[in-house]
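Understanding the architecture of this molecule
The chain contents come next:
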Amino acid sequence: MEMPSIPQPTFYIFKCEQASPPGMPKPSCVNENTRDLFNHTAQTLMKSGLMGPVQVVRTSCLGRCQMGPLMLVEPGHFMYSHLSKEKIDRIIEEHILGGNPVEEYLIPSQYWGEAVNLAK
């Protein structure tokens, strides 16, 4: 059986869906005020006809809990912090469709430095 050719996604959006139990010292990316951000992202992509070329993926902790809710856009290692529906809409419009990362929503560089070079 021959498989049809399916293009690679242009972008992956990794949305942190970590919910810490009450009493944990670290904040959560998902709480009663932010639990619908993943669905909002997916629905916005669907309405825009972008689902497929843009894949939204639920992840566990992305390691920057104090800056949440978070999502990582690949390619490029663009980490967006303190998300809201309005911010997500702008990220999709300007970064995903327009090719221009929304600088003021990116995590500050002191919390998101250069990737570690694993080559020896």
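Check the entry above for the structure.
Computed from a prediction, not measured in an experiment: that's the story for all the values here. (Residues numbered from 1 in each chain as written. Predicted model: local features only at pLDDT ≥ 70, side-chain atom pairs only at ≥ 80, totals over all residues. Heavy atoms only, no water.)

1. Re the overall build of the protein
Tallying secondary structure elements over the protein gives 2 helices and 4 strands in all. The principal-axis extent of the C-alpha atoms belonging to the protein is close to 50 × 45 × 35 Å. Counted over contacts in the protein with a minimum sequence separation of 6, partners at least 24 positions apart contribute 58%. Mean positive and mean negative side-chain charge positions of the protein (10 and 12 charges, respectively) differ by 8 Å. (Helix = DSSP H or I, 4+ residues; strand = E, 2+ residues; numbered from the N terminus. Contact = heavy atoms within 4.5 Å. Lys, Arg positive; Asp, Glu negative; His and termini not counted. Charge placed at Lys NZ, Arg CZ, Asp CG, Glu CD.)

2. Here's the deal with the nonpolar core
Residues Ile-13, Met-71 and Tyr-80 are the most contacted members of the largest nonpolar core, which totals 20 residues. Broken down by secondary-structure element, the contributors of at least two residues to this core are β1 (11-16), α1 (37-47), β2 (54-59), β3 (71-74) and α2 (85-97). Residues contacting Ile-13, with those up to four places away along its chain left out, are Thr-41, Leu-45, Val-54, Gln-55, Val-56, Val-57, Met-71, Leu-72, Val-73 and Ile-96. Of all hydrophobic cores here, the second largest spans 7 residues; its members include Cys-29, Met-67, Leu-70 and Leu-72. (Core = buried A, V, L, I, M, F, W, Y, C linked by side-chain atoms within 4.5 Å. Buried < 20%, exposed > 50% of the residue type's maximum accessible area, 1.4 Å probe, protein only.)

3. Considering the sheet that holds strand β4 (residues 78-80)
If you trace the 4 strands from one edge of the open sheet to the other, you get β2-β1-β3-β4, paired in mixed fashion. If you trace the sheet from one side to the other, it starts and ends with β2 and β4, each paired once. Each adjacent strand pair in this sheet contributes to an overall mean axis angle of 20°, direction not counted. In this sheet, β3 lies alongside β1 in antiparallel orientation, the contact comprising 4 bridges. Each residue of the ladder has a partner; that of Phe-14, found in β3, is Leu-72. (Pairing = 2+ DSSP bridges. Axes fitted to C-alpha atoms, helices over the stretch in contact; angles between N-to-C directions.)

4. Here we look at the environment of Thr-34
Here Thr-34 lies in the loop between β1 and α1. Discounting residues that sit within four places of it in the chain, Thr-34 has contacts with Cys-29 and Pro-69. Within the local environment of Thr-34, its side chain forms a polar contact with the backbone oxygen of Cys-29, the two atoms lying 2.9 Å apart. Of note is the side chain of Thr-34, whose polar atom sits 2.9 Å from the backbone nitrogen of Asn-31. (Polar contact = N/O pair within 3.5 Å; in protein donor to acceptor, adjacent residues only side chain to side chain.)

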